[in-house]
Amino acid sequence: MSPTGEVLIEKHYRGYVPRTCCDTFWSEVQKSSTPQEVCPVLVTPKYYLIHVQRYGMFFIANVQREVQPLLVTEFLHRVVDVFRDYFNEVSEESIKENFITVYQLMDEMMDNGIPMTTEPNVLKTMIVPPTILGRVASSMGVGDKSNVASDLPEGMLSSIWWRKKGVKYTNNEVYLDIVEEIDCSIDTNGLMVTCDVSGEVLVNCKLSGMPDLTLSFTNPAIIDEANFHPCVRLSRYERDRVMSFVPPDGKFKLASYSVCTTGQAVILPLYVKPQIHFSGNSGRVNVMVGPKSNLAGRTIEDVVITIPFTKSIASTNLSVNHGTAHFDDASKSLRWDIGKVPKDKSPCLNGTVQLAPGAETPESGPTMMVDFKIVMFSASGLKIDALTLSGEKYKPYKGVRFVTKAGKFQVRS
């Protein structure tokens, strides 16, 4: 479903479901102040509506019997990930332009309401991704060849169904990205109220044959809860706390995890010091941003500060010494694009705001949202000990990169 409530595609697996169920969902969206406030599971007398929101669109599943909600949620996320892998983006335009491929993927990913093939690497051997040349040929009426394979891919009936046989590369390489997100809330005194860290292990595998990899960590006790790709041997991880697996070919998500923050000091990479005070019909704004001393020379990139002011703001007079600031008069929010935080000075935002005549003076300042990214930095302190290969004779090139990003990072003023 599009952000405006238009149903872009629908797929029925067990009988026909009237489209009026989407009207029920859209009425709940309109009742909420923001789409994020809609309950992920809506209960009606006849069915359950389970949805996820990504890329500004809603992906909804209609369930008519008792089922694990997280199973449906995970399947919907897999659908979105496959669309992104196939079309490079997930938008109204990409779905409408490739609706035939979308329905072919939906047929393969679920059968009679039961999730089946959700691995992108396997799906690509069954359904060829669309190309610009293929679209041009189809528009000219010369694209007769179907993009659906007539035979099952090799290995589908084996115990290692996620990897095809006979993979060969001239240069054998494997790259690991450890991407962590910080969800944090900081009070007006600069003290941490809540802080959660979650992460993903993303792999880009370009290895020949049938390699067997083992990933071990220096401090595996940091990982609290983990969700693994089917290739990971769960019994080995529970026994030795190492990830042993035969990887799929290409890009895939090996694992997602959460970090136990109880008794564990989370490393916050930057500080934000806001001072927003209102008096009478005006207010004074001063925000300072800078890196903390624990970065060891690493640069904080893509820093964006969003300040949602009260709706009674009439005008602003704000200036910055680094980056650009833009005030949206419709939403009454300020977006300060800092980019890279310089090491020789602290970016500052200064100025005043004016309230509309007769408006009440706000009792407290707004809660700011902070976005950032740091390469080669781990907020949890997780460290990789070794990545070893067995089953093949070659020595591959191995690359590991840590990336820390802001999730829901809030600073109260």
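Residue indices follow the written sequence of each chain, beginning from 1 at its first position. Only residues with pLDDT of at least 70 get local features here, since the model is predicted, and only at 80 or more are side-chain atom pairs given and counted; chain-wide, interface and lining totals rely on the full set of residues. Side-chain measures here rest on the full set of heavy atoms in the structure, leaving out hydrogens and waters.

### So, the overall build of the protein
For helices the rule is a DSSP run of H or I covering at least 4 residues; for strands it is a run of E covering at least 2, with both sets numbered from the N terminus onward. Secondary structure summary: the protein contains seven helices and 21 strands in total. Each principal axis of the C-alpha atoms in the protein carries an extent, and together these give about 75 × 55 × 45 Å. The buried share of the protein, taken over its 413 residues, is 41%. Pairs at least 24 residues apart make up 70% of the contacts formed inside the protein by residues separated by at least 6 positions. For accessible areas, the Shrake-Rupley method is used with a probe of radius 1.4 Å. Any residue's cover is judged against the shown protein chains and nothing else. Taken as a whole, the protein presents about 22,400 Å² of accessible surface, with 51% of it coming from carbon and sulfur. Under the counting rule used here, the positive set is Lys and Arg, the negative set is Asp and Glu, and His together with the chain ends is not counted. Charge placement uses NZ in Lys and CZ in Arg. For Asp and Glu, CG and CD serve respectively. Computed over 43 positive and 45 negative side-chain charges, the inter-centroid distance for the protein is 5 Å. Think of it in three bands: with a 1.4 Å probe and only protein chains considered, a residue is buried below 20% of the maximum accessible area for its type, exposed above 50%, and partly exposed in between. Pairs of residues are marked as contacts when any of their non-hydrogen atoms sit within 4.5 Å.

### Some words on the pairing of strand β18 (residues 348-355)
Alignment of strand β13 (residues 282-291) against β18, held across seven bridges, turns out to be antiparallel. Pairing of Asn 286 across the sheet is with Asn 350, part of β18. DSSP-based pairing: two strands are paired if at least 2 bridges between them are found. Note: strand β15 (residues 313-320) against β18, seven bridges, orientation antiparallel. Each residue of the ladder has a partner; that of Leu 318, found in β18, is Gly 351.

### Things to note about the sheet that holds strand β3 (residues 57-63)
Within a sheet, adjacent strands bond to each other through the backbone by hydrogen bonds, running parallel or antiparallel. Read from one edge to the other, the open sheet built from three strands follows the order β1-β2-β3, with strand pairing classed as antiparallel. Every interior strand has two partners, whereas the edge strands, β1 (41-43) and β3, have only one. Averaged over all pairs of adjacent strands, the angle between their axes in this sheet comes to 25°, without regard to strand direction. Note that strand β2 (residues 48-54) and β3 share seven bridges and pair antiparallel. Residue pairing for β3: Val 52 is matched across the bridge by Phe 59. Under this scheme, a helix contributes an axis fitted over its contacting stretch, all axes are lines through C-alpha atoms, and angles between N-to-C directions fall in the 0 to 180 degree range. Packing of helix α1 (residues 20-31) onto the sheet brings it into contact with β1, β2 and β3, and relative to β3 it is tilted by some 130°. Each of β1, β2 and β3 is contacted by helix α2 (residues 69-87), which is oriented at about 40° to β2, the strand it contacts most.

### Observations regarding the sheet that holds strand β8 (residues 212-217)
Read from one edge to the other, the open sheet built from three strands follows the order β10-β8-β20, with strand pairing classed as antiparallel. The sheet is open, and its two edges are formed by β10 (243-245) and β20 (384-390), each paired on a single side. Strand-to-strand, the axes of this sheet are offset by a mean angle of 10°, without reference to chain direction. Here β8 runs beside β20; their pairing, made up of six bridges, is antiparallel.

### Description of the layout of surface pockets
A 1.4 Å probe that fits into a set of points on a 1 Å grid over the protein atoms alone but cannot get out defines a cavity; an open set with protein on both sides within 12 Å along at least five of seven lines defines a pocket, and lining residues are those with an atom within 4 Å of a point. Grid points are joined across faces, edges and corners, and a volume is the space filled by probe spheres set on the points. One number sums up the size of the largest pocket: a volume of about 1,900 Å³. Asp 81, Arg 84, Glu 200, Leu 202 and Lys 253 are the residues nearest the centre of the largest pocket, which is lined by 50 residues in total. Elements with a contribution of two residues or more to the lining of the largest pocket: α2, α5 (120-126), β6 (173-186), β7 (192-206), β9 (223-228), β11 (250-259), β19 (367-375) and β21 (397-412). All residues other than Ala, Val, Leu, Ile, Met, Phe, Trp, Tyr, Cys, Pro, Asp, Glu, Lys and Arg, Gly among them, are scored as polar; the first ten of these are nonpolar and the last four charged. Grouping the amino acids of the lining of the largest pocket by side-chain chemistry returns 16 nonpolar, 13 polar and 21 charged. The wall of the second largest pocket is formed by 40 residues, among which Lys 11, Tyr 13, Ile 60, Ala 61 and Asn 62 lie closest to the centre. Of the residues forming the lining of the second largest pocket, the biggest block, seven residues, is contributed by β3. Classifying every residue of the lining of the second largest pocket by side-chain character gives 29 nonpolar, five polar and six charged.

### Brief notes about unusual backbone geometry
Phi is positive for Tyr 55, close to 55°, though the residue is something other than glycine. In this fold, Tyr 55 is placed in the loop between β2 and β3. In this model, Met 376 sits at a positive phi of 60°, which is unusual for a non-glycine residue. One can find Met 376 in the loop between β19 and β20.

### Overview of the state of the cysteines
Note that a disulfide, as used here, is simply two cysteine sulfur atoms within 2.5 Å. Summed over all chains, the structure comprises zero disulfides. Cys 195 forms no disulfide, and the closest cysteine sulfur to it belongs to Cys 184, at a distance of 4.2 Å. By relative accessible area, which is 10% here, Cys 195 ends up buried. Distance from the sulfur of Cys 205, which forms no disulfide, to the nearest cysteine sulfur (Cys 231) is 9.5 Å.

### A closer look at the nonpolar core
One broad rule of soluble globular proteins: the nonpolar side chains tend to lie buried together. One finds Leu 254, Ile 305, Phe 372 and Phe 409 to be the most contacted residues of the largest nonpolar core, which totals 66 residues. Broken down by element, the residue count for this core peaks at six residues, all from β6. Each residue touching Leu 254, except ones within four places of it in the same chain, is listed here: Val 201, Val 203, Leu 215, Asn 227, Phe 228, His 229, Cys 231, Val 232, Met 243 and Phe 245. Counting 27 residues, the second largest nonpolar core, distinct from the first, contains Leu 8, Val 63, Ile 95 and Met 109. Nonpolar cores were defined as sets of buried Ala, Val, Leu, Ile, Met, Phe, Trp, Tyr and Cys residues, with membership established by side-chain atoms within 4.5 Å.

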